[in-house]
Amino acid sequence: MTDPQTGLPADNIGGTLAPASRARYTSPTNIGAYIWSAITARKLHVIGEREQVRRISRALDSLARLERHPDSGMFYNWYDPATLQLLRTWPENGSTVFPFVSSVDNAWLAAALMIVHNGVPQLRHKSDPLLDAMDFGFYYDSQARGPDVPAGLMRGGFWVEPPPGCSTKGNYEHRGADVYYTCHTYGAFNSETRMISYVAIALGQVPPAHYFAPWRTFPDTCDWSWQEMRPVGEWREYLGVPVFEGAYRYRGLQFVPTWGGDMFEALMPDMFVPEEQWGPDSWARNHPVYVRGQIEHGMNDAKYGHWGFSPASDPQGGYREYGVDAMGLDTNGYTSDEERTSVDYGFAGCEGRPAQPLPTAYGDGVVTPHAVFLAMRYAPADAQAELTRLRNQFDSYGPGGFYDSVAVRSGTVAKRYLALDQGMIMAALGNLYGGDILRKEFTRGGAERFLHPVMRIEEFSVPAEQ
């Protein structure tokens, strides 16, 4: 997937792995995934030490040449991996690209650079200057929860020039020119976006109390009646931050939902932070139950005979979000089939949100192997069985491993490989067979010092035994 000259991966490549099928764009997340995959490959003896250093060194050299937002040290979202040019025109259709500086994409890249610092010390002279320049304070809105809450939220990112649509002009660090922030902050905690919080806290760039600012679920009052269902739970306070410890219920299980009900929101940050160890009364309870909910949906509710729902290539073409709608906060959340079969439980006790009848059947469910690999820590036997079914029942395995997704009733396969999804598979395998290699190399230092203490004190509204 990588350009031989720059060492940067394409966002995706066709199922035959033909170089001509490489996408002509890449992102900070893709590059981070390639770097941590190289570290995993070395740990698992797929490549040797010399090749690991060569691959990562070349990628770091190219990163140093990419145009960045000078005041924050952050990378833009899309570059040409062959020329290293910042994209201003989308190569697939010629549409205009307004350069965007994404908080979550930069968090994944920063995580990879932190892993290089600890795991490949001979390359610190290349990785550390890139990481040291990255200031996540540029995204931190300390007043997002109001003046009485001593912790704020992270913005989705910013543009350096006015974009079409909604934006908010400002500069939280008051360094350099104003930028144009997204109009939203990341308010849902159980999401891949919590990686921004983990990195920023570990780097000492935001207060540790920020960990408690995003919502576990939104409150159980009618002011929040747009969410998928009325949560159960209670208010608690940590480090002066009021936290509604809310939870959802689905098929007899009680858990903290993600935004869309998908697997990578729930478990991708867990590849780098030992959440079930550092959060014994929170994530250790939630992750196994969340995985069970996905399995329950695929096998017994929707009756697909398969499970593993997460954003991936659409077997019909393009890219789409997939998830278990009932397990997400968003009322119009991610669905598990091509037909977008959804649920609406209403919001009991509030006008305007009566419950709608539950689906009587689901359509052509779409599962993605990376979701199954992410779940392997918490349901190893189920994950092994599902991967075996996918390989035996469909043309789902090609020269680069599992293809990106399968529509299980039609048998349609998305014969494509995505750098992000392959990176999640490699992270899961590296931790599984390499002694939690990525977790160990990410958490040494600031994460252990600043993040661990706040994670261990929280208790989710999730029963210890279910």
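One structure accompanies this document, and this report is about it. As the structure is a prediction and not an experimental result, all values here were calculated from the model.

Definitions and limits used
Residue positions are counted from 1 within each chain, in the order its sequence is given. For a predicted model such as this one, the threshold for reporting local features is a pLDDT of at least 70, and the threshold for listing and counting side-chain atom pairs is 80 or more; totals across whole chains, interfaces and linings nevertheless cover every residue. Excluded from the side-chain calculation are hydrogens and water; included are all heavy atoms of the structure. Only buried residues count toward a nonpolar core, which is a set of Ala, Val, Leu, Ile, Met, Phe, Trp, Tyr and Cys residues joined through side-chain atoms within 4.5 Å. A 1.4 Å probe rolled over the protein chains alone gives each residue an accessible area, and that area as a share of the maximum for its type sets the label: buried under 20%, exposed over 50%, partly exposed in between. Counting from the N terminus, the helices are the DSSP runs of H or I reaching at least four residues and the strands are the DSSP runs of E reaching at least two. Every residue pair with non-hydrogen atoms within 4.5 Å of one another is taken to be in contact. A pair of strands is treated as paired once DSSP finds two or more bridges between them. Helix axes are fitted to C-alpha atoms over the stretch in contact, other axes to C-alpha atoms as well, and angles between N-to-C directions run from 0 to 180 degrees. Every angle not falling under 35 degrees, over 145, or within 65 to 115 is termed oblique; those three ranges are roughly parallel, roughly antiparallel and roughly perpendicular. Left-handed describes a crossing whose near helix is turned anticlockwise from the far helix through less than a right angle; right-handed describes the clockwise counterpart. Note that Gly is not counted as nonpolar here; it falls among the polar residues with everything else outside the nonpolar set of Ala, Val, Leu, Ile, Met, Phe, Trp, Tyr, Cys and Pro and the charged set of Asp, Glu, Lys and Arg.

Turning our attention to the nonpolar core. The biggest cluster of nonpolar side chains holds 132 residues, and the ones touching the most others in it are F136, Y211 and F442. With 11 residues, the single largest contributor to this core is helix α3 (residues 103-119). Residues within four places of F442 in sequence aside, it is in contact with A111, M114, I115, N118, M195, V199, F272, V273 and A447. Ranked by size, the runner-up nonpolar core spans 6 residues in total, among them A10, A23, Y25 and L87.

With that settled, consider the pairing of strand β10 (residues 232-238). Where β10 and strand β11 (residues 241-250) come together, 7 bridges link them in antiparallel fashion. Directly across from E237, in β11, lies its bridge partner P242. Connecting the antiparallel pair β10 and β11 is a turn made up of 2 residues, with L239 showing a positive phi of about 50°.

Taken N-terminus to C-terminus, the directions of helix α1 (residues 28-43) and helix α11 (residues 419-433) make an angle of 30°; their axes are 9 Å apart at the nearest point. With respect to α11, the element α1 is oriented roughly parallel. You can see that α1 and α11 cross each other, and the crossing is left-handed. Touching T29, N30, A33, W36, S37, T40 and A41 of α1 are A419, L420, G423, M426, A427 and G430, all from α11. In terms of residue class, the contact of α1 with α11 is built from 7 nonpolar, 6 polar and no charged.

Here we come to the environment of A209. If you trace the backbone, A209 turns up in the loop between α5 (194-202) and β10. The class for A209 is buried, based on a relative accessible area of 11%. Considering only alpha carbons, one finds A209 and F450, 241 residues apart in sequence, at a separation of 9.9 Å. The residues contacting A209, other than those within four sequence positions of it, are P150, A151, L239 and V241.

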